[in-house]
Amino acid sequence: MTQKTLISPSILSADFATLGAEIAAIDAAGADMIHVDVMDGHYVPNLTIGPAVIKALRPHSQKPFDVHLMISPVDPLLEDFANAGADIITVHPDAGPHTHRTLQAIKGLGLKAGIALNPGTPIDAIDYLMDDLDLILVMSVNPGYGGQSFIRSQLTKIKALRERIDAVGRDIILEVDGGVNPETAPLCRAAGATALVAGSAVFKGAGTYAENIKALR
């Protein structure tokens, strides 16, 4: 069955001086979700935004906020991000001592829960967690910065995860983030991805966001 590929533009590549307008623009251009990269300067070597910014941005789009937490420890801040307006919270399995408990906490807040796998993280990190997942995010770059090149070895991981998702028969979003552009997007889709995160590939060129999203899809 062919399904629509979800496009989740990463606001990390947007113009931060006009971030509300940028989110409204990608919403109007056909984005399916809004990808929010939260980095703490500890788990990853970069520092971005927190719950207060997400709360301020929430009125600018009704699309789901796809919030990727690259922070550690992650558990103490889950409620803050939920209250700020996150719809999906994705965490890394090594961002806290008890991943299952973290996923249960996200679910308990009424949100969808995701796991992110770094390029060097094996897929067995999701063993015994499949029943708790709404999204699996394959990082096709090392997390921490935008504009990196796609790591092609992750296509094998995407294929293996597609098989696992199909085997359990659950509607789990298989998302890819990192170096996604019109050249790599078809490779991700062919491997079984159902959602693509893109930053610079979407936000390049004012007034071309709709064309950029269409090119990825």
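Undergrad: Sorry if this is basic, but what is going on with the pairing of strand β6 (residues 135–139) here?
TA: Two faces belong to every sheet, and in a regular strand the side chains alternate between them. With five of five residues buried, β6 is to be regarded as a mostly interior element. Of the two faces of β6, the one carrying Leu135, Leu137 and Met139 and the one carrying Ile136 and Val138 are both buried. Two elements, strand β5 (residues 112–117) and β6, share four bridges in a ladder whose sense is parallel. For Gly114, the partnering residue across the bridge sits in β6 and is Leu135. Pairing geometry for β6 and strand β7 (residues 173–177), over five bridges, is parallel. Residue pairing for β7: Leu135 is matched across the bridge by Ile173. Between the parallel elements β6 and β7, the chain passes through helix α5 (residues 154–168) in a crossover that is right-handed.

Undergrad: What exactly am I supposed to notice about the pairing of strand β4 (residues 88–91) here?
TA: Residues of β4 alternate between two faces, with Ile88 and Thr90 on one and Ile89 and Val91 on the opposite face, all of them buried. Note that the unit made of strand β3 (residues 65–70), helix α3 (residues 78–84) and β4 has a crossover that is right-handed. Pairing geometry for β4 and β5, over four bridges, is parallel. Within β5, the position partnered with Ile89 by the bridge is Ala113.

Undergrad: Would you take a moment to explain the pattern of salt bridges for this structure?
TA: Where charged atoms from two side chains of opposite charge come close, those side chains can pair. In this structure the tally under the stated criterion is seven salt bridges. Among the salt bridges present, the one from Asp134 reaches Lys107, with a minimum N-O distance of 2.6 Å. Within this pair, whereas Asp134 is found in the loop between β5 and β6, its partner Lys107 is found in helix α4 (residues 99–108), the two being separated by 27 residues in sequence. Under the relative-accessibility criterion, Lys107 is labelled partly exposed at 31%.

Undergrad: Got a minute to help me understand the packing of aromatic side chains in this structure?
TA: We describe a pair of aromatic rings using the distance from one ring centre to the other and the angle between the two ring planes. What the rule picks out here adds up to one aromatic pair. Taken together, a centroid distance of 5.3 Å and an interplanar angle of 75° make the contact between Phe203 and Tyr209 edge-to-face. Residue Phe203 is classed as buried on the basis of its relative accessible area of 9%. One cation-aromatic arrangement involves Arg58 over Phe65; the distance from NZ or CZ to the ring centre is 3.7 Å.

Undergrad: Quick question: what am I supposed to make of α5 here?
TA: Under the 1.5 Å per step criterion, the end-to-end length of α5 is 21 Å for 15 residues, consistent within 8% with the ideal 21 Å. Turning to α5, its buried residues number three or more, namely Gln154, Leu155, Lys157, Ile158, Leu161, Arg162 and Ile165. Projected down its long axis, α5 shows its buried positions confined to an angular sector of 150°, all on one face. Facing away from the buried side of α5 by over 90 degrees, the exposed positions are Thr156, Glu163, Asp166 and Ala167. Buried residues along α5 sit in contact with β5, β6, β7 and α6 (185–191).

Undergrad: Just checking my understanding: could you explain the environment of Asp75 for this structure?
TA: For Asp75, the location among the structural elements is in the loop between β3 and α3. Looking at Asp75, the relative accessible area reads 31%, which means it is partly exposed. On a C-alpha basis, the gap between Asp75 and Ala105 in space is 8.0 Å, while along the polypeptide they are 30 residues apart. Within the structure, Asp75 has its side chain in polar contact with the side chain of Thr102 (distance 2.6 Å).

Undergrad: Help me out: how do you make sense of unusual backbone geometry in this one?
TA: At the junction of Ser72 and Pro73, the peptide bond is cis and its omega measures out at 0° in the coordinates. A positive phi angle, close to 70°, is found at Tyr128, a residue other than glycine. Along the polypeptide, Tyr128 turns up in the loop between β5 and β6.

Cut-offs and rules
- Residues numbered from 1 in each chain as written.
- Predicted model: local features only at pLDDT ≥ 70, side-chain atom pairs only at ≥ 80, totals over all residues.
- Heavy atoms only, no water.
- Buried < 20%, exposed > 50% of the residue type's maximum accessible area, 1.4 Å probe, protein only.
- Helix = DSSP H or I, 4+ residues; strand = E, 2+ residues; numbered from the N terminus.
- Pairing = 2+ DSSP bridges.
- Right-handed = clockwise from strand over helix to strand, strands pointing away.
- Salt bridge = Lys/Arg side-chain N within 4 Å of Asp/Glu carboxyl O.
- Phe/Tyr/Trp six-rings, centres within 6.5 Å; stacked < 30°, edge-to-face > 60°.
- Lys NZ or Arg CZ within 6 Å of the ring centre and 35° of its normal.
- Expected span 1.5 Å × (residues − 1).
- Arc of directions from axis to C-beta.
- Contact = heavy atoms within 4.5 Å.
- Polar contact = N/O pair within 3.5 Å; in protein donor to acceptor, adjacent residues only side chain to side chain.

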